[in-house]
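Observations on the model geometry
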Amino acid sequence: MDSKRIVTLIGSGQAKIGTVFIHKGPGSKCSECEYSKVCVHNIEPGHVYEIVGVRDKVLFCKQYETEMRVVEVVNAKVPSSLPSKQAIAGAIIVFQMPQCGNEECERYELCFPLGLRDGDRCEVVEVTETFQCPLGISRKKVFLQLAPAS
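To start, this report covers the structure provided alongside it. As the structure is a computational prediction, the values presented were derived from the model and not from experiment. (Residues numbered from 1 in each chain as written. Predicted model: local features only at pLDDT ≥ 70, side-chain atom pairs only at ≥ 80, totals over all residues. Heavy atoms only, no water.)

A few words now on the side chain of T8. Mapped onto the elements of the fold, T8 is located in strand β1 (residues 6-11). For T8, a relative accessible area of 0% puts it in the buried group. There is a polar contact of 2.8 Å between the side chain of T8 and the backbone oxygen of C39. The contacts of T8, once residues within four sequence positions are left out, are V38, C39, N42, I43, R69, V70, V71 and V73. (Helix = DSSP H or I, 4+ residues; strand = E, 2+ residues; numbered from the N terminus. Buried < 20%, exposed > 50% of the residue type's maximum accessible area, 1.4 Å probe, protein only. Polar contact = N/O pair within 3.5 Å; in protein donor to acceptor, adjacent residues only side chain to side chain. Contact = heavy atoms within 4.5 Å.)

It is worth spelling out the sheet that holds strand β3 (residues 48-61) at this point. Pairing in this open sheet of 4 strands is antiparallel, and the strands run β1-β4-β3-β2 from one edge to the other. Looking along the sheet, the strands with just one partner apiece sit at the ends: β1 and β2 (20-22). Neighbour-to-neighbour, the strand axes of the sheet open up by a mean angle of 50 degrees, direction not taken into account. Pairing analysis gives 9 bridges linking β3 to strand β4 (residues 66-75), with the strands arranged antiparallel. Following the sheet pairing, V54 is matched in β4 by V71. (Pairing = 2+ DSSP bridges. Axes fitted to C-alpha atoms, helices over the stretch in contact; angles between N-to-C directions.)

Okay, the pattern of salt bridges next. Counting across every chain of the model gives 4 salt bridges. The salt bridge partner of R107 is E129, with a shortest N-O separation of 3.3 Å. With a gap of 22 residues between them, R107 in the loop between β6 (92-94) and α2 (108-111) and E129 in strand β7 (residues 121-132) connect regions that are remote in the sequence. Each of R5, R55 and E72 takes part in salt bridges that share partners, so that together they form one network. (Salt bridge = Lys/Arg side-chain N within 4 Å of Asp/Glu carboxyl O.)

Okay, here's the thing in structure tokens:
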């Protein structure tokens, strides 16, 4: 699936193709800024993005006194895990966190990935390995990407 490119702003130091980041949401001073609509309001807080294009345009953020670069981002591929029967490359799924509280599990971060929330509509982009969950469930490591609404 080709992800839709979104134009946004990022600090000049982070403006490199391939940089992946989680959008933390607007800062306390952003509502006063003329660029806030493109800078923080056209991407979703808590989601993961990858920079796929860096434009020549540089803007100065008066609120935080820093240079910002115009970049193009897409929804990043997020490593996760799914029950084996859902882990089919190309499938569109509704992401659900498993019913587990074992934070000591070596696969915990795959089952509870940063950047995905219950109910997110995702494409299974890649399936890489099978493993047995300590709860006795066969799971697969996958890479998920947010999918556009149908």
